[in-house]
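Structure assessment
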Amino acid sequence: MEKTNKGARMAKKPHSPATRTAGAADKAEGAVSRVLFIQATQALGAVLTFEHPADAVLSRHFRDNRELGHRDRAFIAEAVYGVLRRLRWLRRLAGDRATPRELLLTWFARGEGWPMRAFEGLASATEREWIAGIKAAELGEGTLAERADLPDWLTERLLATHDEAGLLTLAHSLNRPAPLDLRVNLMKTDRDGLLARLRADGIAADAGPLSPQSIRLAGKPALQKHPLFLDGSFEVQDEGSQLLGLLVQPRRGELVVDFCAGAGGKTLQLGAMMRSTGRLYAFDVADKRLAKLKPRMARAGLSNVHPVLIAHENDAKVKRLAGKADRVLVDAPCSGLGTLRRNPDLKWRQSAAAVDEMVVKQGAILAAAARLVRPGGRLVYATCSLLAEENDGVVDAFLAAHPEFRSLSAQTVLEKQGVTLATGERLRLSPAAHDTDGFFAAVLERSSDA
């Protein structure tokens, strides 16, 4: 039940830039020192091994280089994520064997549009001549995968559910940084009250367009030390992720299970919707992730959450709840390809074989979680994947093998909570259509006489 980039779904990466402030564009006019450029090259080189997630690599680089200030870190992070998003295009320009330094120079020359004078002092005369050639280079149209900045295998998989124009629209939306969304903690305040307090502090914010619990910020202010964060009034959570909690629709006093809780972003949402009543079990196979949940529970003011470490989906701790849960959320481990706005390295780190293995795991987890649902209870299966085999494929196979479950309309469930969204029976969110991460969810109900 190991999560793939679980935390990335709801928490904005501290080093994944979403604005150009204090970043590469601000330093284009010759303000970048050789030392800072070397730092960016070193960080990019470590990321491009694809042995570890990019955000983890950057975090380690910054820990090892504590002399870097906030603006310097922002410059490095923005440059690295820019290269990751447009890596295929950059390699077409600079060559498949381009070094990290050459990729950075190409990104600044073509992606950021730096003028030639900005490279004086950074690049040698020979390099500047090479850069001038890069700036003048014209590429042919290229393959669909090249135009989409996606690997061939992923392009082929997405063509199962998109035509070429739709795929390019989706791909381009995935190459844009994500906005910063907050979820209001209903245990502490309401949306209007939180909006007023944020604006009074000079933070530009508006009500989210989809979730009634959401606030979208205009920029990327530092929030970790803000009094409203410290007192638990809000959590950082993508608006699309918040809709998954609304599909579960937990009620006061119920027994609810978050089957793959991770660090607990959705667990906290469910607990607040339950007003800290009933029992909410947070299952996960990683002790470190559950450990991160405990201080968040305290900050949120929740006393009904019970984190439970399990070895696998068939752990005896799971079986004790068989047939007892009113609602079960399966936020399944997945490829994470719906989070490419925040985790662009995933498209280069994932593979077709890894996705196929994930599908088998997803089916096993869904079947195990379903055994917990009481007659008449609800089961929600969700991923942050864009691939049909991880989404409809898993749900359709489950329903064929479990006739005691039937589908409910996700659109109807959301409408009853004041959300007007033409989703159809199953929820499908994408950055192109909804400006959220890519999410899928199916709402299933167990027959009352099963």
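Residues numbered from 1 in each chain as written. Predicted model: local features only at pLDDT ≥ 70, side-chain atom pairs only at ≥ 80, totals over all residues. Heavy atoms only, no water.

Quick notes on the overall build of the chain
Heads up, the condition is: Secondary structure elements are taken from DSSP: a helix is a run of H or I of four residues or more, a strand is a run of E of two residues or more, and numbering for both begins at the N terminus. Taken over C-alpha atoms, the radius of gyration is set against a globule rule of 2.2 Å times the number of residues to the power 0.38. The classification of residues rests on relative accessible area computed with a 1.4 Å probe and restricted to protein chains. Under 20% of the type maximum is buried, over 50% is exposed, and intermediate values are partly exposed. Only heavy atoms enter the contact rule, under which two residues are in contact if any of them lie within 4.5 Å. Methods summary: accessible areas were calculated by the Shrake-Rupley approach with a probe of 1.4 Å, and residue burial reflects only the protein chains presented. Positive charge is attributed to Lys and Arg, negative charge to Asp and Glu, and no charge count is given to His or to the chain ends. Charge positions are represented by NZ for Lys, CZ for Arg, CG for Asp and CD for Glu.
Secondary structure assignment for the chain yields 20 helices and 12 strands. By the compact-globule yardstick of 22 Å for 450 residues, the chain fits well, its C-alpha radius of gyration being 23 Å. Overall, the C-alpha framework of the chain stretches about 80 × 50 × 40 Å when taken along its three principal axes. Buried residues in the chain amount to 57% of all 450 residues. When contacts within the chain are restricted to residue pairs at least 6 apart in sequence, those whose partners lie at least 24 apart make up 74%. Carbon and sulfur atoms make up 50% of the accessible area of the chain, which totals about 18000 Å². Of the charged side chains in the chain, 64 are positive and 54 negative, and the gap between their average positions amounts to 6 Å.

Topic: the layout of surface pockets
Where empty space is left in the structure can be found by rolling a water-sized probe over the atoms. We count it as follows: Only protein atoms enter the 1 Å grid used here. Points where a 1.4 Å probe fits but cannot escape make up a cavity, open sets with protein on both sides within 12 Å along at least five of seven lines make up a pocket, and a residue lines them when an atom lies within 4 Å of a point. Grid points are joined across faces, edges and corners, and a volume is the space filled by probe spheres set on the points. Here the term charged refers only to Asp, Glu, Lys and Arg, the term nonpolar to Ala, Val, Leu, Ile, Met, Phe, Trp, Tyr, Cys and Pro, and the term polar to all other amino acids, Gly among them.
Considering only enclosed or pocket space, the second largest pocket measures out at about 320 Å³ in volume. Across the lining of the second largest pocket, the residue classes break down as eight nonpolar, seven polar and two charged.

Describing the environment of Ala441
In this structure, Ala441 sits in strand E12 (residues 439–446). Judged by its relative accessible area of 0%, Ala441 falls in the buried class. For the pair Ala441 and Val395, spaced 46 residues apart in the sequence, the C-alpha separation amounts to 9.3 Å. When neighbours within four sequence positions are excluded, Ala441 is seen to be in contact with Leu244, Leu247, Tyr381, Ala382, Arg426 and Leu427.

A few points about the packing of aromatic side chains
Worth spelling out the cut-off: Ring pairs shown here join Phe, Tyr and Trp side chains whose ring centres sit within 6.5 Å, with only the six-membered ring taken for Trp; geometry is labelled stacked below 30 degrees between planes, edge-to-face above 60, and tilted in between. Charge-over-ring placement is defined geometrically: NZ (Lys) or CZ (Arg) within 6 Å of the ring centre, and within 35 degrees of the ring normal.
This model, assessed by the stated rule, comprises eight aromatic pairs. Ring geometry for Phe37 and Phe108: centres 5.9 Å apart, planes at 55°, overall tilted. Placement of the pair is Phe37 in helix H1 (residues 34–47) and Phe108 in helix H5 (residues 100–111), with a sequence separation of 71 residues. Judged by relative accessible area, which is 1%, Phe37 ranks as buried. Put simply, the rings of Phe37, Phe75, Phe108, Trp114 and Phe119 pair up and form one aromatic cluster. Taking the ring centre of Phe229 as reference, the NZ or CZ of Arg299 above it sits at 4.2 Å.

Observations concerning the confidence of the model for the chain
In plain terms, the rule: Per-residue confidence from the prediction method is given by pLDDT, with values spanning 0 to 100.
Averaged over the chain, the pLDDT score is 92; the fraction of residues at 70 or greater is 93%. In the model, residues 4–22 has pLDDT below 50 throughout and makes 80 contacts with residues more than four positions away in sequence or in other chains.

A look at the pairing of strand E8 (residues 325–331)
Here is the rule: Between any two strands, at least two bridges found by DSSP are needed for them to pair.
Within E8, seven of the seven residues are buried, which leaves the element mostly enclosed by the surrounding structure. Where strand E5 (residues 255–258) and E8 come together, three bridges link them in parallel fashion. If you follow Asp258 over to E8, its bridge partner there is Leu329. Examined bridge by bridge, E8 and strand E9 (residues 373–383) share six bridges and lie parallel to one another. Bridge assignment links Val330 to a residue of E9, and that residue is Tyr381.

A look at the pairing of strand E1 (residues 180–184)
Judged by how many residues are buried, E1 sits mostly within the fold: five of five residues are covered. Residue alternation in E1 divides its side chains into two sets, Leu180, Leu182 and Val184 and Asp181 and Arg183, and both sets are buried. Pairing analysis gives four bridges linking E1 to strand E3 (residues 214–217), with the strands arranged antiparallel. From the neighbouring strand, Asp181 faces E3, where its bridge partner is Arg216. Summarising the sheet, E1 and strand E4 (residues 234–236) pair through three bridges and their orientation is antiparallel. By the bridge assignment, Arg183 is partnered in E4 with Glu235.

Some details on the pattern of salt bridges
Rules: By definition, a salt bridge exists where a carboxyl oxygen of Asp or Glu is found within 4 Å of a side-chain nitrogen of Lys or Arg.
Under the criterion given, the structure shown has 29 salt bridges. Notably, a salt bridge pairs Arg88 with Asp152, separated by 2.9 Å at the nearest N-O pair. Note that Arg88 is positioned in helix H4 (residues 87–94) and Asp152 in helix H8 (residues 152–158), a separation of 64 residues in sequence. Residue class for Asp152 comes out partly exposed when judged on its relative accessible area of 43%. The salt bridge involving Glu445 is made with Arg406; its shortest N-O contact spans 2.8 Å. Here the residue Glu445 occupies a position in strand E12, and Arg406 occupies one in strand E10 (residues 405–408), the gap between them amounting to 39 residues. Through salt bridges that share partners, Asp181, Arg216, Asp238, Glu239, Arg341, Arg342, Asp435 and Asp437 make up one connected network.

A look at helix H12 (residues 239–248)
Rule in force here: Any N or O atom pair separated by 3.5 Å or less is treated as a polar contact, with the protein-specific requirement of one donor-capable and one acceptor-capable atom, and with residues adjacent in sequence counted only for side-chain atom pairs.
Most of H12 sits inside the fold, with 10 of its 10 residues counted as buried. Among all positions of H12, only Glu239, Gly240, Ser241, Gln242, Leu243, Leu244, Gly245, Leu246, Leu247 and Val248 are buried. Sitting at the amino-terminal end of H12 is Asp238, which places a side-chain oxygen 2.8 Å from the backbone nitrogen of Gly240. Count one or two residues on from H12 and you reach Gln249, which has phi positive near 55°.

Regarding H5
Residues of H5 that are buried: Leu103, Leu104, Leu105, Thr106, Trp107, Phe108 and Ala109. Looking at the packing, one finds that the buried side of H5 touches H1, helix H3 (70–85), H4 and helix H6 (125–136). Among the residues trailing H5, Gly113 stands out with phi positive, at a value near 70°.

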